[in-house]
Amino acid sequence: MGRTPTGRTREQVFQLMRERLLAGQPPTVREVQEAFGFRSVQTARAHLEALVSEGRLDKQSGRARGYRLADSAVLVPGKDRIAPPRMVPLLGRVAAGAFGLAVEDLEGYLPVQSDRVGANEELFGLRVRGESMRDAGILPGDIVIVWRLPSVEDGAIVVALVGEEATIKRLRRRGERIELHPANPDYAVMTPDPDALQVLGRVIEVRRYLD
């Protein structure tokens, strides 16, 4: 069997990266090596670095899953006049801190194209854990897109930090008290101490990937 031309292999590497990154599942260099059966991890890295040089991938140094799609790589073919989606961080979890987003477990980036928020508004994705919002259609493994806001309206589904733990709940105000309501009768309403509560933003989209 003849050897696959380098250009064709590189295109296949890019298509794999594009598919995985758009799904919010960035592969490591070793996973690329294994997917293509390269003899060494350096061969996979050489293809990825070439894609960075070509402007098709961006690289965040110091991270095992630090590659992301360049903005030009998410344009729909034949639709050059359509603005490319915004690439927002997908987080494994968020950490307490000042209102500037405290990021832990960055898993990659997600394309988001929504006319519900301004171009300069901050968005992030968060992977759902637990079943407390089951009856609102938010299930374990789903990804929620969150609009980063210092305050939200009563009744909104929010991501909030209670102490150092992030939770997704429906916010209700009862005078001076804030309640965080689940959408599952097996879970209790949370009434955190206001000093231990930080609302990070409002959930504006839910994504689910089927096996």
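Residues numbered from 1 in each chain as written. Predicted model: local features only at pLDDT ≥ 70, side-chain atom pairs only at ≥ 80, totals over all residues. Heavy atoms only, no water.

A.B. asks: I tried to follow the overall build of the protein on my own but got confused; where do I start?
C.D. replies: The number of helices and strands found in the protein is 3 helices and 10 strands. Surface exposure of the protein reaches about 11,900 Å², of which carbon and sulfur atoms provide 47%. (Helix = DSSP H or I, 4+ residues; strand = E, 2+ residues; numbered from the N terminus. Areas by Shrake-Rupley, 256 points an atom, 1.4 Å probe, with all protein chains shown as cover.)

A.B. asks: Got a minute to help me understand the nonpolar core in this structure?
C.D. replies: Nonpolar side chains in soluble globular proteins tend to end up buried together. In this structure, M17, L48, L57, V144 and I168 are the most contacted members of the largest nonpolar core, which totals 31 residues. Not counting chain neighbours up to four residues away, the residues in contact with L57 comprise F14, M17, L21, L48, L51, V52, Y67, R68, L69 and A70. (Core = buried A, V, L, I, M, F, W, Y, C linked by side-chain atoms within 4.5 Å. Buried < 20%, exposed > 50% of the residue type's maximum accessible area, 1.4 Å probe, protein only. Contact = heavy atoms within 4.5 Å.)

A.B. asks: Mind showing me how you'd approach the confidence of the model for the protein here?
C.D. replies: Detailed reading of the predicted model is not advised wherever pLDDT is low. Looking at the protein as a whole, the pLDDT averages 79, with 78% of positions reaching at least 70. By mean pLDDT, strand β4 (residues 103-112) is the weakest element of the protein at 71, and strand β9 (residues 177-181) is the strongest at 92. Ignoring residues within four places in sequence, the model shows residues 96-103, a span with pLDDT below 50, making 22 contacts including any to other chains. (pLDDT = per-residue confidence, 0-100.)

A.B. asks: I'm lost on the pattern of salt bridges in this one. Help?
C.D. replies: Across all of its chains, the model carries 12 salt bridges by this definition. Here R172 makes a salt bridge to D154, at a shortest N to O gap of 3.7 Å. Here R172, found in strand β8 (residues 165-174), pairs with D154, found in the loop between β6 (143-148) and β7 (157-162); they are 18 residues apart in sequence, far enough to count as distant. Each of R10, E11, E54 and R56 takes part in salt bridges that share partners, so that together they form one network. (Salt bridge = Lys/Arg side-chain N within 4 Å of Asp/Glu carboxyl O.)

A.B. asks: Would you take a moment to explain the environment of R173 for this structure?
C.D. replies: Of note, R173 is situated in strand β8. In this structure, the C-alpha to C-alpha distance between R173 and G155, residues 18 residues apart in sequence, is 8.2 Å. Among all residues touching R173, those that are not within four sequence positions of it are V152, E153, D154 and I178. Engagement of the side chain of R173 in a polar contact is seen with the backbone oxygen of V152, the distance being 2.9 Å. (Polar contact = N/O pair within 3.5 Å; in protein donor to acceptor, adjacent residues only side chain to side chain.)

A.B. asks: Where do I start with the side chain of E179 in this structure?
C.D. replies: For E179, the position within the fold is in strand β9. Only 2.6 Å separates the side chain of E179 from the side chain of R177, close enough to count as a polar contact. When residues no more than four places from it in sequence are discounted, the contact partners of E179 are R170, L171, R172, R174, V189, M190 and T191.

A.B. asks: It is not clear to me how the environment of M190 should be interpreted in this structure. Could you clarify?
C.D. replies: By secondary structure assignment, the location of M190 is in the loop between β9 and β10 (197-207). Sequence spacing of M190 and I178 is 12 residues, and the spatial spacing of their C-alpha atoms is 8.6 Å. Excluding residues that lie within four positions of it along the chain, M190 makes contacts with V162, T167, K169, I178, E179 and L180.

A.B. asks: How should the packing of aromatic side chains be read in this particular structure?
C.D. replies: For any pair of aromatic rings, the description consists of the separation of the ring centres together with the inter-plane angle of the planes. Applying the stated criterion across every chain yields a total of 1 aromatic pair. Judged by centre distance (5.6 Å) and plane angle (15°), the ring pair of F36 and F38 falls under stacked. Given the relative accessible area of 15%, F38 is considered buried. Looking at R56, its charged tip hangs above the ring of F14, at a distance of 3.9 Å from the centre. (Phe/Tyr/Trp six-rings, centres within 6.5 Å; stacked < 30°, edge-to-face > 60°. Lys NZ or Arg CZ within 6 Å of the ring centre and 35° of its normal.)

A.B. asks: When you look at the pairing of β6 in this model, what are you seeing that I'm missing?
C.D. replies: Regular strands have side chains that alternate between both faces of the sheet. Burial within β6 is extensive, with 6 of its 6 residues counted as buried. Neither face of β6 is open: one carries I143, I145 and W147, the other V144, V146 and R148, and all of them are buried. By the bridge criterion, 5 bridges tie strand β5 (residues 123-127) to β6 in an arrangement that is antiparallel. From the neighbouring strand, L126 faces β6, where its bridge partner is V144. (Pairing = 2+ DSSP bridges.)

A.B. asks: Teacher, can you tell me more about the pairing of β9 here?
C.D. replies: Bridge count between β8 and β9: 5 bridges; the pairing is antiparallel. By the bridge assignment, R172 is partnered in β9 with E179.

A.B. asks: I keep staring at the environment of L16 and nothing clicks. Help me out?
C.D. replies: Here L16 shows up in helix α1 (residues 6-22). It is 9.7 Å that separates the C-alpha atoms of L16 and P26, two residues lying 10 residues apart in sequence. Beyond its immediate stretch of four places on either side in the chain, L16 contacts V32, A35 and F36.

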